[in-house]
Number of protein chains: 2
Amino acid sequence: MNPTDALARISIVLSRTSHPGNIGSAARAMKTMGLSRLVLVSPKSFPHPEAETLASGAGDLLAQARVVETLDEALADCTYSLAVSARARDLGPEPMLAREGALNLISEVQAGAEVALVFGNETAGLSNEEIQRCQGAVMIAANPAYSSLNLAAAVQVLAYELRVAAFEGAPVVESKSTPFASVPATHGEQEGFYGHLEQVMVETGFLDPAQPRRLMPKLRRLFGRARLEKDEVNILRGILTATQTRR
Amino acid sequence: MNPTDALARISIVLSRTSHPGNIGSAARAMKTMGLSRLVLVSPKSFPHPEAETLASGAGDLLAQARVVETLDEALADCTYSLAVSARARDLGPEPMLAREGALNLISEVQAGAEVALVFGNETAGLSNEEIQRCQGAVMIAANPAYSSLNLAAAVQVLAYELRVAAFEGAPVVESKSTPFASVPATHGEQEGFYGHLEQVMVETGFLDPAQPRRLMPKLRRLFGRARLEKDEVNILRGILTATQTRR
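Residues numbered from 1 in each chain as written. Chains lettered and ligands numbered in written order. Predicted model: local features only at pLDDT ≥ 70, side-chain atom pairs only at ≥ 80, totals over all residues. Heavy atoms only, no water.

A.B. asks: Requested: an account of the side chain of N22 of chain A, with residues and values cited.
C.D. replies: All names here are of chain A. Here N22 lies in helix α2 (residues 20-32). By relative accessible area, which is 13% here, N22 ends up buried. Of note is the side chain of N22, whose polar atom sits 2.9 Å from the side chain of E122. Those residues in contact with N22 that sit more than four places away from it in its chain are T17, E122, N150, L151 and A152. (Helix = DSSP H or I, 4+ residues; strand = E, 2+ residues; numbered from the N terminus. Buried < 20%, exposed > 50% of the residue type's maximum accessible area, 1.4 Å probe, protein only. Polar contact = N/O pair within 3.5 Å; in protein donor to acceptor, adjacent residues only side chain to side chain. Contact = heavy atoms within 4.5 Å.)

Laid out in structure tokens, this is it:
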């Protein structure tokens, strides 16, 4: 795939954006770097004239933007998504730096994956729940005394790194050597597994919903690191079902 | 010189800026990357409330900004300045890319030079006369069909590259590990888990020892990829035990 096509396949997901102007500025930032797929999760005000104004020549991205209710909808078809985070979170995946994150996203796209980069609300960022729904996290190294990048500025930096990575030739994802490797599990398949796992833990009394002890975040971190494949999700759910039916 | 001091010595020169809001946004972009020296050449409106608003927490940079009449005044003490240009000019120096330009600026600062990065007017950019007053030119690689970065967005990208260049060779993020990451599981702990998992699969009838269907190799591949930690093995074995005792 040529670099231009690779960039055009990356989804930029903006979750719960408060200011429509920031959506417009983000669209402009995307288009300057050749990105075009914009997904908005529950934007506070969209469409909005201020978004159009600040998009400048990137109004086409706003017109084509997909607007959804939840992050799960936004990521349903993705196999690799990175959450943009200003800091490491207790419960989320360990963040990589912007350059490494961009190289990973381009490698995945070049290997045929559906990928997304997810930005949170201007004030609150992404919630822990949102971050845990992504396969990884990425952060922009910033001044520790003032790390508050404007939303569109963060989109600009990462879009820029994506463009550089796409054109400088990102390393191709190494082909999996084991004969039984399967395709990556989609977001929906992974969430189905997590839901099933939690159900079994509750049924067996291992997980007390009143005292969850961070068990699910820890397990999401473990399986997120492994980048679950479709066959593996099937096996894991098969084991879970077997423990349920034989009880 | 440490990276933080190097960044603090770089001047960002904004020439003939039309919109005071862009001056504020540029100051914010600078401060997020640890830059602090702002020089304004004949700004159309400054000081201005809109600059203050958009600077957000970077109002100190506006308060300390040096305002001058001409680019020559701005660059008087500099030995190395780079003009930011959206394209190659007939009469100017051959532009280098942002990453190379940032590395050159940091190298010069580390060698004791006074350096500057010069941005032009929002609409017209830098004039040929201005570009020729600089030692070199730098451009941000962009979408040829739409290369119109907002002024503050261009400042953000170059400030980001300066920060990365300044910290190259030194860790930019102090610690990447999440607070509840635990030590790696030993070989024995991992084998204990695999044995326990296999036992549960056999007990529940999911794994038929006579027809093992490569289940264990597939699961070993999955968990091996994740590089299991000690706490994670404990959680996983806890789940397995819970399914056994409640059956």
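A.B. asks: Go over the environment of A159 of chain A with me, naming the residues and quoting the values.
C.D. replies: All names here are of chain A. For A159, the location among the structural elements is in helix α8 (residues 151-168). Judged by relative accessible area, A159 falls into the buried class, the value being 2%. For the pair A159 and E50, spaced 109 residues apart in sequence, the C-alpha to C-alpha distance is 22 Å. Setting aside residues up to four positions removed in sequence, A159 forms contacts with A29, M33 and L35.

A.B. asks: Lay out the environment of L38 of chain B with the relevant residues and their values.
C.D. replies: Residues and elements named next belong to chain B. Of note, L38 is situated in strand β2 (residues 37-41). Along the primary structure L38 and V67 are separated by 29 residues, whereas in three dimensions their C-alpha atoms are 8.7 Å apart. With residues near it in sequence (within four places) discarded, L38 still touches I12, L14, I23, A27, M30, L61, L62, A65 and R66.

A.B. asks: Describe in detail the interface of chain A and chain B, supporting the description with residues and values.
C.D. replies: For an interface, size is often stated in terms of accessible area lost upon the parts coming together. Listed as interface residues are 73 residues of chain A and, on the opposing side, 66 residues of chain B. Summed over both sides, the interface of chain A with chain B buries roughly 5,800 Å², with 65% coming from carbon and sulfur. Where chain A packs against chain B, one counts eight salt bridges. E229 of chain B is the partner of R221 of chain A in a salt bridge, and the nearest nitrogen-oxygen pair spans 2.8 Å. Applying the counting rule to chain A against chain B returns 20 residue pairs in polar contact (both at pLDDT 80 or more). Residue assignment for the side of chain A that touches chain B shows that the elements contributing at least two residues are α2, β5 (95-97), α6 (98-110), α8, α9 (187-203), α10 (215-226) and α11 (230-245) of chain A. Looking at the side of chain A that touches chain B residue by residue, the class counts come to 37 nonpolar, 15 polar and 21 charged. (Buried area = accessible area lost by both parts, 1.4 Å probe. Salt bridge = Lys/Arg side-chain N within 4 Å of Asp/Glu carboxyl O. Nonpolar A, V, L, I, M, F, W, Y, C, P; charged D, E, K, R; others polar.)

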